[in-house]
Amino acid sequence: MVSALAENRVPADLIAVSVKDVGMRFGDVHAVRSASFDLPKGKFLTILGPSGSGKTTLLRMIAGFDAPTSGEIYISGQPVSAVPPHLRAIGMVFQKLALFPHMTAAENVAFPLKMRRHDARTIPAKVERYLELVRLGGYGSRRINELSGGQQQRVAIARALVFEPDLLLLDEPLAALDRKLREEMQLEFRRIQKELGVTTINVTHDQREALVVSDEVIVMDGGVIQQKAAPVGAYRSPANAFVANFIGVTNFIEGKVVSVSGPSVQVEAHGRTLSGVAVGDALAAGRPCSGAIRAEQIRIAASADTLSGLENRHGWHRHRCDLRGRAHRLRDQSPPASATR
Ligand SMILES: Nc1ncnc2c1ncn2[C@@H]1O[C@H](COP(=O)(O)OP(=O)(O)OP(=O)(O)O)[C@@H](O)[C@H]1O
Ligand SMILES: [Mg+2]
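Residues numbered from 1 in each chain as written. Chains lettered and ligands numbered in written order. Predicted model: local features only at pLDDT ≥ 70, side-chain atom pairs only at ≥ 80, totals over all residues.

So, the packing of helix α4 (residues 149–161) against helix α5 (residues 179–196)
Phase 1 of the analysis: With their axes 11 Å apart at the nearest point, α4 and α5 run at an angle of 20 degrees to one another. When the axes of α4 and α5 are compared, the pair comes out roughly parallel. The two elements α4 and α5 meet at a crossing, and its hand is right-handed. Taken together, the residues of α5 that come into contact with α4 (itself represented by Gly150, Gln153, Ile157 and Leu161) are Leu181, Met185, Ile192 and Leu196. (Axes fitted to C-alpha atoms, helices over the stretch in contact; angles between N-to-C directions. Helix = DSSP H or I, 4+ residues; strand = E, 2+ residues; numbered from the N terminus. Parallel < 35°, antiparallel > 145°, perpendicular 65-115°, else oblique. Left-handed = near helix turned anticlockwise from the far one by under 90°. Contact = placed C-beta atoms within 7 Å.)

Have a look at this one:
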């Protein structure tokens, strides 16, 4: 694979979570296969992938609800397979919030502190501090059913953070909210995460969310990690066709390799020669291949001369014929601001 972003080495004591060759089988279903990655402390990682790709299974193993059938997970350098969930110092917010409806917001937030036997005299001040952090200062005495969906969500975040966990796990906690509230909450999560510096693993279907709020993304398919990269890396240098297709809008062009020279590859496609960047090491002259082109990489002008200086220049009318009338996705789908930086 040729990736624009080489993995930076991070010293071991700065790694919050290390997943090594982790697999999970449920009978015949191989839900996660040989997953490996390191997550540095304080980073916000988002796991993306289609339904059934193994995201929740991976998160549940990190949380300690399920033991991997192979491999090992390390938190702050320690193997955790023998450590039960409540001793892992992990805060969690799942889609089903599991707040206690008969308790007030403050009682919900106080719950993990009481469970962990914190000094009772310090609890009210901590609870108020975390309610303020999620912008619910003064709402402590409200019962859960007297709060809106977004406010309940924030109580759940305060409850997950109040005992100052090493790690925060989020499994689509925003999926039930309407789009506007979801977008606000995404930014809110990021603000709080940065303020506290808590290492976070977030699972979502929403690729826009992943690209905007994350330091790193993992794309999964069929239980396999397809790529781990910074959002801009996954967008601009997808590791394979699955990632290219899954993130953003991509046009694929089928062709045949003419030559490969280091990372650059010449391809013959529809009677024209295109040049591009090689991904994967299976490219050799004469082999069939696919090219991925992002919509915003395509420039259209009335005449090819206007595009002087650009590689892969082609006359429009012939180009359209060459592509045999197949609809190519030219609609505007610029990557979110953070992915273009
Ligand atoms: N307890 C279980 N028993 C058997 N199979 C399971 C179990 N949990 C998950 N699976 C299977 O493992 C695969 C991965 O499931 P998982 O819940 O991790 O997917 P996901 O990526 O979180 O999907 P979604 O986006 O729909 O939440 C699926 O095929 C699922 O049916
Ligand atoms: Mg899931």
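Quick notes on the site of ligand 1
Phase 1 of the analysis: Taken together, Phe26, Val29, Ala31, Gly49, Ser51, Gly52, Ser53, Gly54, Lys55, Thr56 and Thr57 make up the full set of residues adjacent to ligand 1.
Phase 2 of the analysis: Only β2 (29–40) and α1 (55–63) provide two or more residues apiece to the shell around ligand 1.
Phase 3 of the analysis: Residue contributions to the shell around ligand 1 peak at three residues, all from α1.
Phase 4 of the analysis: Residues that form the shell around ligand 1 fall into these classes: three nonpolar, seven polar and one charged. (Near = placed C-beta within 6 Å. Nonpolar A, V, L, I, M, F, W, Y, C, P; charged D, E, K, R; others polar.)

Focus: the sheet that holds strand β11 (residues 250–261)
Phase 1 of the analysis: As summarised here, the arrangement of the four strands in space is β13-β12-β11-β14, forming an open sheet in which the pairing is antiparallel. One side of each edge strand has no neighbouring strand; the edge strands of this open sheet are β13 (272–277) and β14 (288–294). Each strand axis lies, on average, 50 degrees off the axis of its neighbour in the sheet, ignoring direction.
Phase 2 of the analysis: Both β11 and strand β12 (residues 264–269) contribute to a ladder of five bridges, which runs antiparallel. Within the sheet, the bridge partner assigned to Ser259 lies in β12 and is Gln266. (Pairing = 2+ DSSP bridges.)

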